[in-house]
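Spelled out from the first residue to the last, the chains are:
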Amino acid sequence: MPINKPIDMLLAIDVGGTKIAAAWVSKGQIIERRQQPMATDPAGFLEAINQLVLGWPAPERVAVAATGYIDGGKVYSVNQHIIEFWDGFPLGRHLNTRFACPVVLMNDGQAAAWGEYLIRKTSTSSIAPESLLFITLSTGVGGGLVLHQQLRIGRQGLAGHVGHTTISRGPVDGDVQCGCGRCDCLEKVASGTALARQASAVFGRRIDSKELFTMAQTNPEAEAIIDNAAMAVAEAISNFQMMLDVDEVVIGGSVGLADGMLQRIRQALAQAPSLAQVPVTAALLGADAGLAGIMQWSQD
Ligand SMILES: [Zn+2]
């Protein structure tokens, strides 16, 4: 639950599949923001945290948005291929020991959903949604759900893991077995990792998702991989809309915010029955939606 006390010195951390971002926050304002690559083992992770806070004052509270689901202060990867040591890693206990202050933990997609909901609520230029689904297309595919102005966390912290719902549209390389144990997950088609894997298979050399988007400007085969991913996202949005009937779907993440991706998703969704259609918008907070969300959640 949010804690009703203003914080003078907050350390906000966003742990993704490939990077860790940290912000020193005083009275709701970011004083400084830093970034480190994500580590591959616990010792490396704790060392990266030490590097990130070097020279910063001791926090009164630490607020963490982390990829994976958070249950009882421990973090678990849904897709074990994303962060292998996230297998019940006691993140809360480690940070509590390191900083000797309370630690607030939340899934990064949930934090970003809360950040995107709040900025719409406080904006004067748009009609605030009551219910919103956030989808991030990044190293993996994650998300978060705000229903009737309340963030859904779930019994085991899992709510919003939209990347591990299944779709009928498969990846172009036919690799459908997901690291979560399921087959045909959205994440196997539309994550940055999945785009890189499919592009590398099609073109016979190592290609990352950023290069794929550049290639797609002139190469129809590259464009087809991205179009297929956008159609998969649109199929998933139709599924979610039939279940949830939210006011708005917000797309974030490096792939979601890549040039033309949002337009491709909208075009694909326009082919769905009208009942399944919903306004699809870009994350207003960009790459810092998770940090912003966890900052707000831990201070409200
Ligand atoms: Zn999966």
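Residues numbered from 1 in each chain as written. Predicted model: local features only at pLDDT ≥ 70, side-chain atom pairs only at ≥ 80, totals over all residues. Heavy atoms only, no water.

Caption draft 1: Main features of the packing of helix 7 (residues 220-244) against helix 8 (residues 261-269). Look at helix 7 against helix 8: their axes get within 8 Å of each other, and the N-to-C directions meet at 55 degrees. Between helix 7 and helix 8, the angle falls in the class oblique. The handedness of the crossing between helix 7 and helix 8 is right-handed. Seen from helix 7, the contacting residues are Glu223, Ile226, Asp227, Ala229, Ala230, Met231, Val233, Ala234, Ile237 and Ser238; seen from helix 8, they are Met261, Arg264, Ile265, Ala268 and Leu269. Looking at the contact of helix 7 with helix 8 residue by residue, the class counts come to 11 nonpolar, 1 polar and 3 charged. (Axes fitted to C-alpha atoms, helices over the stretch in contact; angles between N-to-C directions. Helix = DSSP H or I, 4+ residues; strand = E, 2+ residues; numbered from the N terminus. Parallel < 35°, antiparallel > 145°, perpendicular 65-115°, else oblique. Left-handed = near helix turned anticlockwise from the far one by under 90°. Contact = heavy atoms within 4.5 Å. Nonpolar A, V, L, I, M, F, W, Y, C, P; charged D, E, K, R; others polar.)

Caption draft 2: View of the environment of Val103. Mapping Val103 onto the fold places it in strand 8 (residues 103-107). Overall, the relative accessible area of 23% leaves Val103 in the partly exposed class. Distance in space between the C-alpha atoms of Val103 and Thr40 is 22 Å, their sequence separation being 63 residues. Every residue in contact with Val103, bar those within four places of it in the chain, is listed here: Val62, Val64, Gly92, Leu95 and Asn96. (Buried < 20%, exposed > 50% of the residue type's maximum accessible area, 1.4 Å probe, protein only.)

Caption draft 3: Seen up close, the domain arrangement of the chain. Each assigned domain of the chain is listed with its residue range as follows: domain 1 (10-110 + 288-299) and domain 2 (127-283). Inter-centroid distance (C-alpha atoms) of domain 1 to domain 2 is 25 Å. Taken together, the contacts link 16 residues of domain 1 with 18 residues of domain 2. Run the count over domain 1 and domain 2 and you get 5 residue pairs in polar contact (both at pLDDT 80 or more). Looking at the side of domain 1 that touches domain 2, the elements that each hand over two or more residues are strand 5 (69-71), strand 8 and helix 3 (108-122). Take the side of domain 1 that touches domain 2: its biggest share by element is 3 residues, from strand 5. (Domains from an automatic or database assignment. Polar contact = N/O pair within 3.5 Å; in protein donor to acceptor, adjacent residues only side chain to side chain.)

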